[in-house]
Amino acid sequence: MITEYTAVTALAGGALIGAAAVMLMGLTGRIAGVSGIAARLLPPWDGALAGRLAFISGLVAAALAVRIVSGSLPPLKLEVGPIDMAAAGLLVGFGAVWGNGCTSGHGVCGIASLSPRSIVATLVFMATAVVTTFLVRHVL
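Conventions and cut-offs
- Residues numbered from 1 in each chain as written.
- Predicted model: local features only at pLDDT ≥ 70, side-chain atom pairs only at ≥ 80, totals over all residues.
- Heavy atoms only, no water.
- Patch = residues over 30% accessible without salt bridge, like charges linked within 9 Å, V, L, I, M, F, W, Y side chains within 5 Å.
- Areas by Shrake-Rupley, 256 points an atom, 1.4 Å probe, with all protein chains shown as cover.
- Salt bridge = Lys/Arg side-chain N within 4 Å of Asp/Glu carboxyl O.
- Helix = DSSP H or I, 4+ residues; strand = E, 2+ residues; numbered from the N terminus.
- Buried < 20%, exposed > 50% of the residue type's maximum accessible area, 1.4 Å probe, protein only.
- Axes fitted to C-alpha atoms, helices over the stretch in contact; angles between N-to-C directions.
- Parallel < 35°, antiparallel > 145°, perpendicular 65-115°, else oblique.
- Left-handed = near helix turned anticlockwise from the far one by under 90°.
- Contact = heavy atoms within 4.5 Å.
- Polar contact = N/O pair within 3.5 Å; in protein donor to acceptor, adjacent residues only side chain to side chain.
- Core = buried A, V, L, I, M, F, W, Y, C linked by side-chain atoms within 4.5 Å.
- pLDDT = per-residue confidence, 0-100.

Notes on a nonpolar patch on the surface
A cluster of nonpolar side chains, contributed by Val-131, Phe-134, Leu-135, Val-136, Val-139 and Leu-140, occupies part of the molecular surface with about 620 Å² of accessible area. Turning to its location among the elements, Phe-134 is positioned in helix α6 (residues 116–139).

Section: the pattern of salt bridges
Throughout the structure, instances matching the rule amount to 1 salt bridge. Of the charged contacts in the structure, one is a salt bridge between Arg-52 and Asp-46, with a shortest N-O distance of 2.7 Å. Note on Asp-46: relative accessible area 44%, which makes it partly exposed.

Looking at the side chain of His-106
Tracing the backbone shows His-106 in helix α5 (residues 103–112). A relative accessible area of 2% places His-106 in the buried class.

Looking at the packing of α5 against α6
Contact geometry of α5 with α6 gives a least axis separation of 9 Å together with a crossing angle of 135°. Classified by the angle between their axes, α5 and α6 sit oblique to one another. Relative to α6, α5 is oriented so that their crossing is left-handed. Between α5 and α6, the residues in contact are Thr-103, His-106, Gly-107, Gly-110 and Ile-111 and Arg-117, Ser-118, Ile-119, Ala-121, Thr-122 and Phe-125, respectively.

What to know about the environment of Thr-28
By the secondary structure assignment, Thr-28 is in helix α1 (residues 7–28). In this structure, the C-alpha to C-alpha distance between Thr-28 and Ala-48, residues 20 residues apart in sequence, is 9.2 Å. Separated by 2.6 Å, the side chain of Thr-28 and the backbone oxygen of Leu-24 make a polar contact. In terms of polar contacts, Thr-28 uses its side chain to reach the backbone amide nitrogen of Arg-30, at 3.2 Å.

As for the nonpolar core
In terms of nonpolar packing, the biggest core is built from 6 residues, these being Ala-21, Leu-24, Ala-32, Ile-37, Phe-55 and Cys-109. Beyond its immediate stretch of four places on either side in the chain, Cys-109 contacts Ala-21, Ile-31, Ala-32 and Ser-104.

Side note on the confidence of the model for the chain
Mean pLDDT for the chain: 85, with 96% of residues reaching 70 or above. Mean pLDDT across the elements of the chain ranges from a minimum in helix α2 (residues 34–39), with 83, to a maximum in α6, with 91.

Shown next as structure tokens:
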């Protein structure tokens with residue numbers, strides 16, 4: 001599946017992600033790392049559970065907003081089965097824990113704060129994505 005790239009949608013998406021990260025930091029003092037927010041939805045809970053639920057609900061509601069604004073959802077074509085998807089999810093979760101954060105936390109918030117650890121982590125994420133995509137599309 002190829003998704004049409006437009007500068008307008010890329011800029012709008014980037015601006016919304018940046019605004020959400022800035023708002024979360026400004027209002028709560030927390031970094032917008034999705035894996036950390038999602039992981040803390042599990043017990044034991046603290047006083048920030050409602051805010052975490054609101055953040056994750058906003059991610060899900062974004063698809064509804066696209067549907068309302070554009071009249072349709074982008075096409076979704078999965079070329080793997082449920083076992084591959086579960087394995088990929090576990091690997092991503094393991095990587096987020098091992099890397100002490102996910103791509104959103106390191107890539108958006110960490111780089112913006114000039115964190116050397118986040119810059120290295122994001123470079124590793126991106127290099128791994130490029131190599132994996134090449135292997136899956138051209139070797140396997």
